[in-house]
Amino acid sequence: MSDSIPADLPAAEALRLADRAGAAARRPRPTPRWYGPTLAAGFVVFGIATGQAVAAGQAWLIGILGGAWGALSGLIGWAGMRGGGVVRREAPSGLGGPVLLTVLSVLAAMLSAMALAWWAGGGPGWIGAAGGSAGGAVFRVADNALNRRIEQLRKAGG
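Rules used throughout
Residues numbered from 1 in each chain as written. Predicted model: local features only at pLDDT ≥ 70, side-chain atom pairs only at ≥ 80, totals over all residues. Heavy atoms only, no water. Helix = DSSP H or I, 4+ residues; strand = E, 2+ residues; numbered from the N terminus. Expected span 1.5 Å × (residues − 1). Buried < 20%, exposed > 50% of the residue type's maximum accessible area, 1.4 Å probe, protein only. Contact = heavy atoms within 4.5 Å. Arc of directions from axis to C-beta. Salt bridge = Lys/Arg side-chain N within 4 Å of Asp/Glu carboxyl O. Axes fitted to C-alpha atoms, helices over the stretch in contact; angles between N-to-C directions. Parallel < 35°, antiparallel > 145°, perpendicular 65-115°, else oblique. Left-handed = near helix turned anticlockwise from the far one by under 90°. Nonpolar A, V, L, I, M, F, W, Y, C, P; charged D, E, K, R; others polar. Core = buried A, V, L, I, M, F, W, Y, C linked by side-chain atoms within 4.5 Å.

## What about helix H4 (residues 96–119)?
The first and last C-alpha atoms of H4 sit 34 Å apart over 24 residues, in line with the 34 Å expected at 1.5 Å per residue. Of the residues making up H4, those classed as buried are Thr-102, Val-106, Ala-109, Met-110, Ala-113 and Ala-117. On its buried side, H4 packs onto helix H2 (35–55) and helix H5 (124–156). Just downstream of H4, Gly-121 is the residue with a positive phi angle, here 95°.

## A closer look at H2
In an α-helix, one turn spans 3.6 residues; hence positions three or four apart end up facing the same way. The terminal C-alpha atoms of H2 lie 30 Å apart, and with 21 residues this matches the ideal 30 Å at 1.5 Å per residue to within 8%. Among the residues of H2, those classed as buried are Tyr-35, Gly-36, Leu-39, Ala-40, Gly-42, Phe-43, Gly-47, Thr-50, Gly-51 and Ala-53. Buried residues of H2, seen end-on, are gathered within an arc of 160° and therefore sit on one face of the element.

## A look at the pattern of salt bridges
Evaluated as defined, the whole model comprises one salt bridge. Across the pair Arg-140 and Asp-143 runs a salt bridge whose closest N-O atoms are separated by 3.6 Å. Of this pair, Arg-140 and Asp-143 both sit in helix H5, three residues apart, roughly one helical turn. We classify Asp-143 as buried; its relative accessible area is 4%.

## Points about the packing of H2 against H5
Axis separation between H2 and H5 bottoms out at 7 Å; the angle between their running directions is 170°. The orientation of H2 with respect to H5, classified from their angle, is roughly antiparallel. Crossing angle aside, the handedness with which H2 passes H5 is right-handed. The residue makeup of the contact of H2 with H5, split by class, is 12 nonpolar, 10 polar and two charged.

## Quick word on the nonpolar core
By size, the foremost hydrophobic cluster in this structure holds eight residues: Tyr-35, Leu-39, Phe-43, Trp-69, Ile-76, Val-106, Met-110 and Phe-139. A total of three residues in this core trace back to one element, the largest contributor, which is H2. With residues up to four places along the chain from it excluded, the contact list for Val-106 reads Phe-43, Gly-135, Val-138 and Phe-139.

Quick look at the structure:
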């Protein structure tokens, strides 16, 4: 009397389907659309605020700004993980390198832009803004590259 068709599913087939479903659930997902632009904007704001604090002679604010940016970026990351998934439990083998490359690229871009602004004679405000802007831009590009890598992993995983 039900709409479903009764069918006996062999145990081996049921286990195979369960394994495939489990593997699909563990595959990484792309970051949410808002994630990259939000963190990129955060880098820019952090760089500008840090530069302005130094320019105003309030270097002690750098620690507070760094702590606030760290907490905020952690919260944004947590929301991205909860909202879109990204990686459910453990990172797949092909994802560690791109993530490390993202972090190092952002750091290198920030330091390079800051050094270039300092060399050009910029004041602390300009140096901070240059570092934040470069870090934000590189993070945005790296987020897009990371999403492409995640899609490759998803396709390779079945």
